[in-house]
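Commentary on secondary and tertiary structure
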Amino acid sequence: MLSPAPRILITRLSALGDTVLTLPVLCALRKAFPAAQIGWVAEPAASKVLADRTDLNFLFTVEKGWLTKPVEINRLRRALARHKFEIVIDPQGLTKSAVAGWLSGRKHQIGFTRGQSRELAPNLAGVRIAPSAKYIAERYLELLAPLGIEKPALEFQMPYDQVAHQSMVRRVPAVASGRYAVLNVGAGWFSKTWVPARFGEVAADLFMRYEIPSLLLWGSDAEYQYAEEAAETARSIAPQCVTILPKMSIAEMKETIRHASLLISGDTGPLHFGVALDTPTISLFGVTKAEYYSPCRGIHRTIQNMYDPLSCRKRRRAGNDAMKGIPTVDVLSQVDILLNMRHPKAA
């Protein structure tokens, strides 16, 4: 029997998009147990997604690779021990997330069955759940069933950051209008990237037919090159149609996506921000299975023309042939559907 104020730890250490997809777990826990003391263990990048959460009591940030460093292991153990967590929820299902939970001294650890979790994670979970949902955010919520939380609402509740929004309004005037599209040209894996020139064609079409300018989002230096390629194509068709966004903080990226009329992205962090922020999205999938990582309903549209069931390691190293199987016209068809829905953001 749980107390009215259970002490619960979430271990989802990385990455940005997966951290966003885990937020419904936090929302459901807070709704079910308003007085709970809830902590979260995360690596530095993921911690930035969680820094402004008022529904989170404790945030424990660990270095990337902390599990190979005895000093960091002991530091985390001491930090967690002070809070006497009773229950660990491990959505990540890897050795590093499972060990972080184990270090807390918890009484109960809930994770997925082997196959859904890997490495040592199934061994360290006392309660193992075999998920039935397709969409990964809904799968994570199934971990809460042992706590009596059955079929909770899928909520992200991402707080508005006025400072970050005003910063972007000053830096990129188009953000002030609220009528623009964000085109995310990059991805963590090359295999998840679409063709830059096709992003440019979409940007030109959005401007010519809907008078919607496009802001090109990028992360790494390689992605900036993709943005320049996309912009070159777009400007050769419609010179004023596109702007390459500056380097931004996570908060600034979040607010730029929140106020957009439309987001087009491959399977990477900004896509999941768009879904969480209720921004109309078109998600492009190749080497990962769309039904797992895209809700594909209402204002969230998904395109996947090819899928090759590679192992995770091979997906990371693969080419982007599956993404090349998405022609520009398929994306433009989804643009038309979304912009004719008369959603408040897309109107």
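Preceding this section is the structure that the text describes.
First things first, this report covers the structure right here in the doc. (Residues numbered from 1 in each chain as written. Predicted model: local features only at pLDDT ≥ 70, side-chain atom pairs only at ≥ 80, totals over all residues. Heavy atoms only, no water.)

**Let's talk about the overall build of the chain**
Basically, it comes down to this: In this description a helix means any DSSP run of H or I spanning at least four residues, a strand means any run of E spanning at least two, and both kinds are numbered starting from the N terminus. With the radius of gyration taken over C-alpha atoms, the globule rule is written as 2.2 Å times the number of residues to the power 0.38. Partly exposed residues are those whose accessible area sits between 20% and 50% of the maximum for their type, while under 20% is buried and over 50% is exposed, using a 1.4 Å probe and protein chains only. Contacts are assigned to residue pairs with any non-hydrogen atoms lying within 4.5 Å of each other. Here the open area of atoms and residues is found with the Shrake-Rupley method and a 1.4 Å probe, where only the protein chains shown may cover a residue. The charge count includes Lys and Arg as positive and Asp and Glu as negative, but it does not include His or the ends of the chains. Throughout, a charge is located at the NZ atom of Lys, the CZ atom of Arg, the CG atom of Asp or the CD atom of Glu.
Of the regular secondary structure elements, the chain holds 16 helices and 12 strands. On C-alpha atoms alone, the chain measures out to a radius of gyration of 21 Å, which is about the 20 Å that the 2.2 N^0.38 rule sets for 347 residues. Reported as C-alpha extents along the three principal axes, the dimensions of the chain are approximately 60 × 40 × 40 Å. Considering the chain as a whole, with its 347 residues, one finds that 56% of them fall into the buried category. For the chain, contacts bridging at least 24 residues in sequence account for 63% of all contacts bridging at least 6. For the chain, the exposed surface amounts to about 15000 Å²; the carbon and sulfur share of it is 53%. Within the chain, the 31 negative side-chain charges are centred at a point lying 7 Å from the centre of the 43 positive side-chain charges.

**Side note on helix α16 (residues 328-339)**
Selection criterion: By this rule, a helix spans an expected 1.5 Å times one less than how many residues it contains.
With 12 residues, α16 should reach 16 Å at 1.5 Å per residue; the first-to-last C-alpha distance of 16 Å fits that figure. On its buried face, α16 sits against α9 (196-210), β10 (262-266), β11 (281-284) and β12 (300-303).

**Let's talk about the environment of Cys27**
Mapped onto the elements, Cys27 comes out in helix α1 (residues 16-32). Among the residues examined, Cys27 registers a relative accessible area of 4% and is labelled buried. Considered as a pair, Cys27 and Pro309 are 282 residues apart in the sequence and their alpha carbons are 33 Å apart. If we ignore the near neighbours within four places in the chain, the residues touching Cys27 are Arg53, Asp55, Glu155, Phe156 and Gln157.

**Structural notes on the environment of Val182**
Structurally, Val182 is set in strand β7 (residues 181-184). Filtering out sequence-adjacent residues up to four positions away, Val182 remains in contact with Leu215, Leu217, Thr256, Ala260, Leu262, Leu263 and Ile264.

**Section: the side chain of Arg30**
Condition: Throughout this description, the term salt bridge denotes a Lys or Arg side-chain nitrogen within 4 Å of a carboxyl oxygen of Asp or Glu. As used in this structure description, the phrase polar contact means that two N or O atoms lie within 3.5 Å; if the pair is within protein, one of them must be able to donate a hydrogen and the other to accept it, and residues adjacent in sequence are counted only when both atoms belong to side chains.
Tracing the backbone shows Arg30 in helix α1. There is no salt bridge for the buried Arg30, and the closest opposite charge comes from Asp55, which lies 5.9 Å off by N-O distance. In terms of polar contacts, Arg30 uses its side chain to reach the backbone carbonyl oxygen of Ala36, at 2.9 Å. Non-local contacts of Arg30, meaning those with residues more than four positions away in its chain, are made with Ala35, Ala36, Ile38, Asp55 and Asn57.

**A word on the sheet that holds β10**
Condition: In this scheme, strands are said to pair when DSSP sees at least two bridges between them. Orientation is described by axes fitted as lines to C-alpha atoms, over the contacting stretch for helices, and by angles from 0 to 180 degrees between their N-to-C directions.
Strand order in the open sheet formed by 6 strands is β9-β8-β7-β10-β11-β12, with parallel pairing between adjacent strands. Two strands bound the open sheet, and with one partner strand each, they are β9 (242-244) and β12. The sheet shows a mean angle of 20 degrees between the axes of neighbouring strands, taken without regard to direction. Two strands pair when backbone bridges link them, and strand β8 (residues 214-217) and β9 are joined in this way by 3 bridges, in the parallel orientation. Counterpart to Leu215 in the pairing with β9 is Thr243.

**Details of the sheet that holds strand β6 (residues 127-129)**
Where strands meet in a sheet, backbone hydrogen bonds hold them as pairs that are either parallel or antiparallel. Spatially, the 6 strands line up as an open sheet ordered β3-β2-β1-β4-β5-β6, and their pairing is parallel. With partners counted over all chains shown, the strands left at the sheet margins are β3 (58-61) and β6, one partner each. Put simply, the sheet's adjacent strands are angled 20 degrees from each other on average, direction ignored. Bridging between strand β1 (residues 7-11) and strand β4 (residues 87-89) involves 3 bridges; their strand directions are parallel.

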